Each structure stands twice: as C-alpha cells, then as structure tokens.
Amino acid sequence: MPKNINSASRIVSLIKAIPSHPDNTQTMEVWASLFQVPERSPQRRSFVVSERLGAMYRELDIVRSQMTAKNFSEELYASAIAQLEAAFSTMSLHTSWPNVRQHLTAETLVAMAFCGEIIDNEEDLISAEELTEIENKVQDLEQSLEGSTLPPRLKSLIQHHIDLIRKALAEYPIVGARSLRQAARTALGEIVEVREEISAHPDAPEIANLGSVWKRVNSAADLALKADKLVQLGQKAWDVVGGFLPS
C-alpha cells in the first residue's frame, strides 16, 4: 500500500496491476482487462477504454501541476510523465502490447512513485467491501425498475443515475473518491430539476432505493475525502426534494 493516496500513487498501483501478456496481445485488450471493461461490442469497448485512458491522462496533468507547486525540478519527473503520456495514448490501442510496454519501465515507475511520496496524501482508501455494497445497492435499484409504474421521465432519470454510479465505481481506481463526488454533483442538479415529480411519488420503492444508494455513495466519498458531514451532497439533495426519503 502506498504511503500517500493521490494521483501519482494511483497511476503506479494501476500499472503494477497489469499482468504479463504475450507479445501479440493487442493493447486494447490489455487496457480493457485492467479496467475491467465488460462491453463486447468492439466500438463500445474502444469508447470505454478511451474514456479510462483519458482519465489516466488527466491524472498525469494533476501530478504535473502538483509537482510544480512543490517547486521540484521538472527534469526529475518530466521524462516519466512523458513516457506515461505515450503509454496512455489512444493512438496505440490497435498496436501490439510491446509498443506500449516499452514506456512502462522500472525507472518511469520509480520516478512516479517518488512523486506519490512528495505529493500530499489526499484521501483514505474506500474498502473493497464498501464498494461492493454500493454495487449491490445499485443492482437492487436496477431490479426495482423492472415493472415500475413511475413516469418514463423518472425511470429514465433513475437509470441514468445507475449509469453514473457504475461509471464512478469503474473510475475510482483511477481518480479516487473524486469520481463518486463528481457523480453526486451531477445527480444533485438532475434531482432538483425533477423534484416536483419525485415528490409526487413518495412511497415508490424505486425512489426510496435511489435515495438509499446516493446516501451510501456520499457517505463513502465523505469519509474518504474527510469531508464535513454538514456538507454532504446526498443529504442536501434529498432535503431539496422534500426530505421524504427514509433515513
């Protein structure tokens, strides 16, 4: 386990988690395996892998900015960042894995690991058990939509929130608890837009399950980010729509 949890340490952990692959393995398949991309459609698979690599690239930008703020000499880490940028390029997805693996040298990972030690600790890890519990709640929510009599707009909203949370969970190893927080911010705005429709169905189990999921997501994010419980986004969201959900 790294000493500090931040963008640099997450990148190192992910790279170290890549298992050995034969030289004729397509780079797309290596990343899809690492990111646990379930889509079978080649087009969808490519899209999701590209999204995950984009998130990795943005984390590198954060590392660069944070190291600059620490006033360390750029030549100590610039080469490592450049190597990782090359590795994360979507232009290499349809080439063989050795073309990308050559950028993931021991020297590159050591330099990035040093960045992880230099940059401040940003959050606590969310346990695998907690992440699994959130996923289980999402599955329960999705099942509650089957045969739902809610208006189409609300059913569409709930399905979109299911997708939001699942994407946040998938990106958690890359961007940390910020993925959950960003999903919650998006959800908050959408909930406010349909608050009257939600308030018209206070006894719907789908609505209750939606509230339960978001409270669990926000609780996990707040604990990881050490946020003040008074500013929990999930609680504020439900206060806005009338506070009708069970606690």
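About the criteria used
Residues numbered from 1 in each chain as written. Predicted model: local features only at pLDDT ≥ 70, side-chain atom pairs only at ≥ 80, totals over all residues. Heavy atoms only, no water. Core = buried A, V, L, I, M, F, W, Y, C linked by side-chain atoms within 4.5 Å. Buried < 20%, exposed > 50% of the residue type's maximum accessible area, 1.4 Å probe, protein only. Helix = DSSP H or I, 4+ residues; strand = E, 2+ residues; numbered from the N terminus. Contact = heavy atoms within 4.5 Å. Phe/Tyr/Trp six-rings, centres within 6.5 Å; stacked < 30°, edge-to-face > 60°. Salt bridge = Lys/Arg side-chain N within 4 Å of Asp/Glu carboxyl O. Axes fitted to C-alpha atoms, helices over the stretch in contact; angles between N-to-C directions. Parallel < 35°, antiparallel > 145°, perpendicular 65-115°, else oblique. Left-handed = near helix turned anticlockwise from the far one by under 90°. Nonpolar A, V, L, I, M, F, W, Y, C, P; charged D, E, K, R; others polar.

Asks: In this structure, what is going on with the nonpolar core? I would like to understand it.
Replies: The nonpolar side chains of soluble globular proteins are, as a tendency, buried together. Residues I15, W31, F88 and M112 are the most contacted members of the largest nonpolar core, which totals 38 residues. Those elements that place two or more of their residues in this core are α1 (7-16), α2 (27-34), α3 (42-69), α4 (78-87), α6 (106-118) and α8 (152-175). Element by element, the count of residues in this core is highest for α3, at eight residues. Apart from residues no more than four positions distant in its own chain, M112 is found in contact with A8, I11, V12, L60, V63, A80, I81 and L84. If you look at the next biggest cluster of nonpolar residues, it comprises 33 residues, including I134, L154, A177 and L210.

Asks: What is the right way to look at the packing of aromatic side chains in this model?
Replies: Each aromatic ring pair is specified by the distance between its two centres and by the angle formed by the two planes. With the rule as written, the count across this model stands at three aromatic pairs. Between W31 and F35, the aromatic rings sit 5.7 Å apart at their centres with planes inclined by 10 degrees, giving stacked as the arrangement. With a relative accessible area of 8%, F35 lands in the buried category. Here W31 and W97 contribute two aromatic rings whose centre-to-centre distance is 5.7 Å and whose plane-to-plane angle is 90 degrees, an arrangement assigned as edge-to-face.

Asks: Just to check I follow, could you spell out the pattern of salt bridges for this structure?
Replies: Any two side chains of opposite charge can pair, on the condition that their charged atoms come close. Applying the stated criterion to the full structure yields 19 salt bridges. Across the salt bridge formed by E59 and R178, the nearest N and O atoms sit 2.8 Å from each other. A residue pair is termed long-range when its members are at least 10 positions apart, and E59 in helix α3 and R178 in helix α9 (residues 178-193) qualify at 119 residues. A salt bridge links D61 to R64; the shortest N-O distance between them is 2.9 Å. Taken together, the residues span about one helical turn, with D61 and R64 both in helix α3 at a distance of three residues. Residue class for R64 comes out partly exposed when judged on its relative accessible area of 28%.

Asks: Would you explain the side chain of S92 in this entry?
Replies: Positionally, S92 belongs in the loop between α4 and α5 (98-101). You can call S92 buried: its relative accessible area is 17%. Those residues in contact with S92, other than ones at most four positions away along the chain, are T27, A86 and V100.

Asks: Explanation requested: the packing of α2 against α3 in the structure shown.
Replies: A pair of packed helices is characterised by two quantities: the angle between their axes and the separation of those axes. Two numbers describe how α2 lies on α3: the axes approach to 10 Å, and their chain directions differ by 70 degrees. In terms of orientation, α2 lies roughly perpendicular with respect to α3. Where α2 crosses over α3, the handedness of that crossing is left-handed. Of α3, the residues touching α2 (which contributes M28, E29, W31 and A32) are R45, S46, V49 and L53. Grouping the constituent residues of the contact of α2 with α3 by class yields five nonpolar, one polar and two charged.

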